[in-house]
Amino acid sequence: MTTAPEDAKAATAFERIGGHGAMRAITERFYDLMEQDPAFAELRAIHAPDLAPMRESLPLFLAGWAGGPRDWFERNPGKCMMSMHAPFPINRQTAEQWAEAMNRAIAEAEVADREVAEAMADVLSRMARGMARE
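Quick look at the structure, then. (Residues numbered from 1 in each chain as written. Predicted model: local features only at pLDDT ≥ 70, side-chain atom pairs only at ≥ 80, totals over all residues. Heavy atoms only, no water.)

1. Re the pattern of salt bridges
- For the structure shown, the criterion picks out ten salt bridges.
- With a shortest N-O distance of 3.9 Å, Glu35 and Arg44 are connected by a salt bridge.
- Overall, Arg44 belongs to the buried group, its relative accessible area being 18%.
- Among the ionic pairs, Arg104 bridges to Glu108, the shortest N-O distance being 3.8 Å. Here the residue Arg104 and the residue Glu108 both occupy positions in helix 7 (residues 92-108), the gap between them amounting to four residues, near one helical turn.
- Look at the salt bridges and you will find they share partners, linking Glu28, Asp32, Glu35, Arg44 and Arg55 into a network. (Salt bridge = Lys/Arg side-chain N within 4 Å of Asp/Glu carboxyl O. Buried < 20%, exposed > 50% of the residue type's maximum accessible area, 1.4 Å probe, protein only. Helix = DSSP H or I, 4+ residues; strand = E, 2+ residues; numbered from the N terminus.)

As structure tokens, then:
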């Protein structure tokens, strides 16, 4: 029986899914869906006209959240998803649209580990639905 060296670390979800490349692909598809698919019109309407800053920020958040580099968290000390989204009128419909767009983006992205991607989609969907305030 072989054992892993004492200093070997288990791969994080970030590493297993494919690192920054996978997080960027998911983010790009997510915002493309939001901009192009009429099913996400209400969700798109509560976002800024220019999504470029979000396209840069979200993959960094997802990376740190999934156990990768914590750049987003270091740049945004003390901030969490609830506080970041408090100013937005998130209702059940927009929360559901966010969850659906993210689920589709993850399902369509090239990822290294589909099981981790599906688990990530599930957790993010529950988080989004939990932000609905009506």
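2. A word on the side chain of Arg44
- Note that Arg44 resides in helix 3 (residues 41-45).
- Once you skip the residues sitting within four places of it in the chain, Arg44 turns out to touch Met34, Glu35, Pro49, Asp50 and Leu51. (Contact = heavy atoms within 4.5 Å.)

3. Considering helix 8 (residues 114-130)
- If you check helix 8, its first and last C-alpha atoms are 24 Å apart, about what 17 residues at 1.5 Å a residue would give, namely 24 Å.
- Of the positions making up helix 8, those classed as buried are Val116, Ala117, Met120, Ala121, Leu124, Ser125 and Ala128. Burial along helix 8 is one-sided: seen end-on, the buried residues are contained in an arc of 170 degrees. In helix 8, the exposed positions that point more than 90 degrees away from the buried face belong to Glu115, Glu118, Arg126 and Gly130. (Expected span 1.5 Å × (residues − 1). Arc of directions from axis to C-beta.)

4. Regarding helix 7
- The terminal C-alpha atoms of helix 7, which comprises 17 residues, lie 24 Å apart, in line with the 24 Å expected from a rise of 1.5 Å per residue.
- Within helix 7, the full set of buried residues consists of Thr94, Ala95, Gln97, Trp98, Ala99, Ala101, Met102, Ala105 and Ile106.
- Those residues of helix 7 that are buried are in contact with helix 2 (19-36), helix 3, helix 4 (52-65) and helix 8.

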